[in-house]
Amino acid sequence: MGLIESIKEKAKLQLRTIVLPEPEDERVLKAAQQVIEEKTAKVVLIGNVETIKADAAKCGANIEGATIVDPKNFDNINRYIDELVELRKSKNLSREEATEIMLNEPRFFGCMMVRLGDADGLVAGSNSPTADVLKAAIQVIKTAPGINTVSSTFIMETADGKFGDNGLILFADCAVIPEPNAEQLADIACATAATAASVVGLDPRVAMLSFSTKGSASHPLVDKVQYACDILTERNVNFSFDGELQADAAIIESIGAKKAPGSKVAGKANILVFPDLQSGNIGYKLVQRFAGAEAHGPIVQGLNQPVNDLSRGCSVEDIANLVAITATQIK
Ligand SMILES: CC(C)(COP(=O)(O)OP(=O)(O)OC[C@H]1O[C@@H](n2cnc3c(N)ncnc32)[C@H](O)[C@@H]1OP(=O)(O)O)[C@@H](O)C(=O)NCCC(=O)NCCS
Ligand SMILES: CC(=O)OP(=O)(O)O
């Protein structure tokens with residue numbers, strides 16, 4: 001059974017409730033139909049009931065079985081507004097501003113459904129930039145206890161099975177932190193190792209990427225990655241990691257052996273931690289488009305409850321797959 005099939009089997013057993021706050025996008029409506037048919041989750045769509053039904057009819061999506069929640073006609077709206085005012089007290093958010101957000105920003109409303117237990121998780125981003133989804137998630141859901149850093153990972157399913165574990169390899173962070181410092185890079189490594197183990201069932205081998213392998217180049221940017229490795233050593237983490245490594249040394253056995261002899265990770269990494277968001281985001285899109293890899297995510301890490309983002313270039317299948325992944329992240 002492939003990765004997504006096995007995740008869907010797990011999701012079916014739990015039948016969680018997942019919010020899709022962007023039903024104005026016909027891919028979301030078609031994905032809702034697929035999720036309902038595959039029974040991987042219960043679906044909540046946010047918006048005006050008549051509009052959503054008309055849009056679904058127009059694009060031929062059968063969304064029977066989905067629950068439609070209209071914030072403008074929602075019994076519990078005052079509770080949601082009060083909660084947002086409380087959460088943003090330190091930012092002096094007024095009740096009027098909170099009301100405006102809850103009525104008109106479905107990603108915030110959807111995150112509040114999750115926070116207050118009216119839904120289990122949320123998937124958005126097909127019709128909005130990542131920053132909009134992340135802001136709603138970070139402000140409403142917040143980080144999990146003891147976690148400082150929200151980051152993300154893509155599960156890359158490469159076609160020929162040569163890289164990672166039978167073709168499965170995680171890339172991080174490709175969506176959240178533009179310029180991570182060494183501490184944040186170490187947090188990204190820890191979070192991605194946890195996702196690899198819990199969502200994909202991998203034994204993590206983390207390569208901390210750079211344009212240098214083991215001191216082959218000198219630059220403050222290389223120092224940052226080396227320092228992140230020192231932090232991981234200090235933390236005494238329970239997974240294999242090595243760095244700094246170039247990408248070829250991380251994934252090609254013969255090159256890893258030449259550039260980083262004796263490394264437990266070089267040549268066989270199944271997690272690549274990129275040094276910043278420029279390299280991470282560009283890197284995942286090139287592998288997805290040039291190599292035809294499936295890119296599942298970005299799976300957001302470090303939040304107290306699961307909210308996952310999509311690329312605006314996603315397919316109906318990508319949305320349905322991420323709904324299943326989200327459903328299995330719920331504890
Ligand atoms: C993630 C992102 C939206 C956060 O921006 P921001 O302006 O700091 O967001 P907010 O002001 O809503 O943050 C709310 C709080 O979360 C904190 N926060 C922001 N990013 C965080 C992170 N990665 N982890 C933990 N906390 C974070 C902020 O410091 C802020 O704290 P405060 O309320 O105590 O002041 C921003 O870093 C971003 O745009 N990232 C790039 C997204 C992107 O374009 N990706 C490329 C395509 S996928
Ligand atoms: C993750 C990502 O790059 O999202 P988008 O393509 O929507 O910017």
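About the thresholds
Here the residue numbering is sequential within each chain, running from 1 through the sequence in written order. Chains carry letters from A onward and ligands carry numbers from 1 onward, assigned in written order. With pLDDT at 70 or above as the cut-off, local features in this predicted model cover only qualifying residues; side-chain atom pairs require 80 or more to be listed or tallied, and sums for whole chains, interfaces and linings still use all residues. Side-chain figures throughout are based on the complete set of non-hydrogen atoms in the structure, without hydrogens or water. Near is defined per residue: the residue qualifies when any heavy atom it owns lies within 4 Å of the molecule or strand. We define a polar contact as two N or O atoms separated by no more than 3.5 Å, with the added condition that, inside protein, one atom must be a possible hydrogen donor and the other a possible acceptor, whereas residues neighbouring each other in sequence contribute only through side-chain atom pairs. Helix numbers and strand numbers start at the N terminus; a helix is a DSSP run of H or I with at least 4 residues, a strand a run of E with at least 2. Residue type decides the class: Asp, Glu, Lys and Arg count as charged, Ala, Val, Leu, Ile, Met, Phe, Trp, Tyr, Cys and Pro as nonpolar, and the leftover types, Gly among them, as polar. Contact definition: two residues touch when any of their heavy atoms are within 4.5 Å. Under this scheme, a helix contributes an axis fitted over its contacting stretch, all axes are lines through C-alpha atoms, and angles between N-to-C directions fall in the 0 to 180 degree range. In this scheme, a crossing is called left-handed if the near helix is turned counterclockwise away from the far one by less than a right angle; it is called right-handed if the turn is clockwise. Each residue is placed in one exposure class: buried if its accessible area under a 1.4 Å probe, protein chains only, is under 20% of its type's maximum, exposed if it is over 50%, and partly exposed if it falls in between. Two strands qualify as a pair provided that DSSP identifies no fewer than 2 bridges between them. UniProt positions are given in the numbering used here, feature names are shortened, and annotations may be inferred rather than shown by experiment. In short, Shrake-Rupley with a 1.4 Å probe defines the accessible areas, and a residue's cover is counted only from the protein chains shown. Charged residues are defined here as Lys and Arg on the positive side and Asp and Glu on the negative side; His and the ends of the chain fall outside this count. The term salt bridge refers to a pairing of a side-chain nitrogen on Lys or Arg with a carboxyl oxygen on Asp or Glu at a separation within 4 Å.

*Asks:* How should I be thinking about the site of ligand 2 in this particular structure?
*Replies:* Within the structure, ligand 2 sits among T130, F154, N281, Y284, K285, P298, S311 and R312. Here an oxygen atom of ligand 2 and a side-chain polar atom of N281 are 3.0 Å apart. K285 has a polar side-chain atom sitting 2.8 Å from an oxygen atom of ligand 2. Residue contributions to the shell around ligand 2 peak at 3 residues, all from helix α12 (residues 277–290). For the shell around ligand 2, the class distribution of residues is 3 nonpolar, 3 polar and 2 charged.

*Asks:* Would you mind going over the environment of G47 with me for this structure?
*Replies:* With respect to the helices and strands, the residue G47 is situated in the loop between β2 (41–46) and α3 (49–59). Counting along the chain gives 22 residues from G47 to V69, while the straight-line C-alpha distance between them is 6.2 Å. Non-local contacts of G47, meaning those with residues more than four positions away in its chain, are made with I52, I68, V69, D70 and P71.

*Asks:* In this structure, what is going on with the packing of helix α6 (residues 106–115) against helix α7 (residues 130–141)? I would like to understand it.
*Replies:* Packed helices, taken two at a time, are described by the angle between their axes plus the distance between the axes. At their nearest, the axes of α6 and α7 sit 9 Å apart, and the two run at 35 degrees to each other. Crossing geometry of α6 relative to α7 is assigned as right-handed. Along its contact with α6, which presents R107, F108, C111, M112, V114 and R115, the element α7 presents D132, V133, K135, A136, A137, Q139, V140 and I141. Class assignment of the residues belonging to the contact of α6 with α7 gives a composition of 9 nonpolar, 1 polar and 4 charged.

*Asks:* It is not clear to me how the side chain of S210 should be interpreted in this structure. Could you clarify?
*Replies:* Assignment of secondary structure puts S210 in the loop between β7 (205–209) and α9 (220–235). Exposure remark for S210: the relative accessible area of 12% places this residue in the buried category. For S210, the residues in contact, after removing those within four places along its chain, are V222, V225, E244, L245, Q246 and A247.

*Asks:* Whenever I open this one, the sheet that holds β7 confuses me. Can you help?
*Replies:* Strand pairing in a sheet relies on backbone hydrogen bonds, with the paired strands running either antiparallel or parallel. A sheet is described by the order of its strands in space; here 6 strands give the open sequence β8-β7-β9-β6-β5-β10, paired in mixed fashion. The sheet is open, and its two edges are formed by β8 (240–245) and β10 (294–301), each paired on a single side. Pairwise comparison of adjacent strand axes, ignoring direction, gives a mean angle of 20 degrees for this sheet. Here 5 bridges tie strand β5 (residues 151–157) to strand β6 (residues 168–172), and the two strands are oriented antiparallel to one another. The residue bridging I155 from the neighbouring strand is L170, located in β6. Those strands touched by helix α1 (residues 3–14) are β5, β6 and β10, and its axis lies near 120 degrees from that of β5. Docked against the sheet, helix α8 (residues 182–200) engages β5, β6, β7, β9 (271–273) and β10, running at close to 150 degrees with respect to β6.

*Asks:* I would appreciate a short explanation of the UniProt feature "domain: Phosphate acetyl/butaryl transferase" (unreviewed entry) in the chain in the present structure.
*Replies:* UniProt's feature table lists "domain: Phosphate acetyl/butaryl transferase" (unreviewed entry) at residues 3–327, given in the numbering used throughout. Taken end to end, residues 3–327 comprises 47% helix and 17% strand; its first and last C-alpha atoms sit 14 Å apart.

*Asks:* Where do I start with the site of ligand 1 in this structure?
*Replies:* Around ligand 1 lies a shell of 18 residues, among which K91, Q139, V150, A175 and V176 are the nearest. In the environment of ligand 1, an oxygen atom lies 2.7 Å from a nitrogen or oxygen atom belonging to the side chain of Q139. The separation between a nitrogen atom of ligand 1 and a polar main-chain atom of V176 is 2.8 Å. When the free accessible area of ligand 1 is taken as 930 Å², the share hidden by the protein chains comes to 60%. Mapped onto the shell around ligand 1, the elements with two or more residues apiece are α7 and α12. Broken down by element, the shell around ligand 1 gets its largest block of residues, 6 residues, from α7. Here the shell around ligand 1 is built from residues that sort into 10 nonpolar, 5 polar and 3 charged.

*Asks:* Is there a simple way to explain the side chain of D318 in this structure?
*Replies:* Tracing the chain through its elements places D318 in helix α13 (residues 316–329). Of the side chains bearing the opposite charge, R289 lies closest to the buried D318, which forms no salt bridge; the N-O distance is 6.5 Å. In this structure the side chain of D318 is engaged in a polar contact, spanning 2.8 Å, whose partner is the backbone nitrogen of S315. Beyond its immediate sequence surroundings of up to four residues, D318 is in contact with E294 and L310.

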